[in-house]
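Summary of the model geometry
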Amino acid sequence: MEIKQVGVIGAGQMGNGIAHVFALAGYDVLLNDISEEAVARALEVIGRNLERQVSRARITEADREAALARIRPETDLAAVGAADLVVESATEKEAIKNSIFESLAPYLAPQTILTTNTSSISITRLAARTDRPERFMGFHFMNPVPVMQLVELIRGIATDQATYDTLLGVVETLGKTAASSEDYPAFIVNRILIPMINEAVYALYEGVGSVASIDISLKLGANHPMGPLELADFIGLDTCLAIMNVLHEGLADTKYRPCPLLVKYVEAGWLGRKSKRGFYDYRGETPVPTR
Ligand code: CAA
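Residues numbered from 1 in each chain as written. Predicted model: local features only at pLDDT ≥ 70, side-chain atom pairs only at ≥ 80, totals over all residues. Heavy atoms only, no water.

Examined against the element boundaries, Thr-239 turns out to sit in helix 11 (residues 237–251). Sequence separation between Thr-239 and Ser-120 is 119 residues, and the spatial gap between their C-alpha atoms is 10.0 Å. (Helix = DSSP H or I, 4+ residues; strand = E, 2+ residues; numbered from the N terminus.)

As structure tokens, this is what we get:
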């Protein structure tokens, strides 16, 4: 099936990146969020990130203008449902995702492929609540979306081959690389990455090292672009904790227990970059470790 128009639901950190890469690849994008202000803010971020790519000569000014012109702000879910492909990238809460799919249902075209950018919720369970589990898939982008090469493709138990093949083709047109994951808690990337971050928080909690020494160790000792605690702040500590809880509950294994210090940071509202404080304090010129 040919995909021309893509509806992106949720214009936050992930949704604006997803709209950005689809528009740059030539798709018509309908960008949806609950308020016009949220969509307008996302368009500003997309504009700035495209500008950054122009300034680094990754794309031309004409590419930037054409991409922006392909994104239509759309607060009406009815219009979004008529797209060939819908990518849900709203808040990582199952009830919210279910309610979005429910609201979309009356407007979906028969051929529309429904996808979710969930980082850990069961695709099979989400699909079962829709009218089209065979045309439903996990479509998991990494942050920052315009930069990261990988897209995880997750089939639910009922997803049909044609849907998978269509999305594989779409990933190629975005200039990205797909990895296929079975539908088990947190899929592949987060199954491995988030327990590593949790282990870094345990190392901090047990006094094995400071924030700075843990991060520099993995940056220089394992060639990671960011240290695990810096990366945790980048992802959001609430998201890291939510994924650890999904692993802990979904796999019923104590090796996935969230570190109490991670829980404490989340309880304090120190969620990382987005709240200006996490393992680092971002309120000044340069980030300062909080421990
Ligand atoms: N939009 C467009 N371009 C961007 C961008 C954005 N949002 N953010 C960064 N860039 C570009 C920069 O312009 C720069 O481009 P050039 O290579 O053309 O010069 C390039 O990315 C590198 O950026 P910087 O020079 O500013 O900074 P950096 O070298 O420190 O790289 C980083 C920043 C790409 C974020 C890098 O630190 C990195 O790769 N970090 C790890 C990110 C990671 O692991 N992400 C996965 C998180 S897990 C996830 O997403 C799954 C989940 O469900 C939780």
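Moving on to the packing of helix 1 (residues 13–24) against helix 2 (residues 36–55). The packing of two helices is summarised by the inter-axis angle and the distance between the axes. Packing of helix 1 against helix 2 leaves a shortest axis separation of 9 Å and a crossing angle of 55°. With respect to their mutual orientation, helix 1 and helix 2 come out oblique. Where helix 1 crosses over helix 2, the two elements pack in a sense that is right-handed. Here Asn-16, Ala-19, His-20 and Leu-24 of helix 1 come into contact with helix 2, specifically with Ala-42, Val-45, Ile-46, Asn-49, Leu-50 and Gln-53. Along the lines of polarity and charge, the residues of the contact of helix 1 with helix 2 split into 6 nonpolar, 4 polar and no charged. (Axes fitted to C-alpha atoms, helices over the stretch in contact; angles between N-to-C directions. Parallel < 35°, antiparallel > 145°, perpendicular 65-115°, else oblique. Left-handed = near helix turned anticlockwise from the far one by under 90°. Contact = heavy atoms within 4.5 Å. Nonpolar A, V, L, I, M, F, W, Y, C, P; charged D, E, K, R; others polar.)

Grouped together as the largest cluster of nonpolar side chains are 35 residues, with contacts concentrated most on Val-6, Phe-22, Leu-31, Leu-85, Phe-139, Phe-141 and Leu-153. Where this core is concerned, the elements lending two or more residues are strand 1 (5–9), helix 1, strand 2 (28–32), helix 2, strand 4 (85–88), strand 6 (136–141), strand 7 (150–155) and helix 7 (161–173). Top element by residues in this core is helix 1. It accounts for 6 residues. Excluding anything up to four places from it in sequence, Phe-139 contacts Phe-22, Leu-85, Val-87, Thr-115, Thr-116, Asn-117, Val-151, Glu-152, Leu-153, Leu-167, Val-170 and Val-171. Membership of the second largest hydrophobic core comes to 28 residues, among which are Phe-234, Leu-247, Tyr-256 and Leu-262. (Core = buried A, V, L, I, M, F, W, Y, C linked by side-chain atoms within 4.5 Å. Buried < 20%, exposed > 50% of the residue type's maximum accessible area, 1.4 Å probe, protein only.)

Regular strands have side chains that alternate between both faces of the sheet. Of the two faces of strand 5 (residues 113–116), the one holding Ile-113 and Thr-115 and the one holding Leu-114 and Thr-116 are both buried throughout. When strand 4 meets strand 5, the two strands line up parallel, connected through 4 bridges. Its bridge partner being in strand 5, Glu-88 is matched across the sheet by Thr-116. The handedness of the strand 4 to strand 5 crossover, carried by helix 5 (residues 94–104), is right-handed. (Pairing = 2+ DSSP bridges. Right-handed = clockwise from strand over helix to strand, strands pointing away.)

Let us now look at the domain arrangement of the chain. Parsing the chain into structural domains produces domain 1 (5–181) and domain 2 (190–289). Distance between the C-alpha centres of domain 1 and domain 2: 27 Å. Contacts between the two partners involve 6 residues from domain 1, matched on the other side by 5 residues from domain 2. When domain 1 packs against domain 2, close to 480 Å² is buried across both sides, 52% of that on carbon and sulfur atoms. (Domains from an automatic or database assignment. Buried area = accessible area lost by both parts, 1.4 Å probe.)

This paragraph deals with the environment of Leu-68. One can find Leu-68 in helix 3 (residues 61–69). Considered as a pair, Leu-68 and Leu-50 are 18 residues apart in the sequence and their alpha carbons are 8.7 Å apart. For Leu-68, the residues in contact, after removing those within four places along its chain, are Leu-43, Ile-46, Gly-47 and Leu-50.

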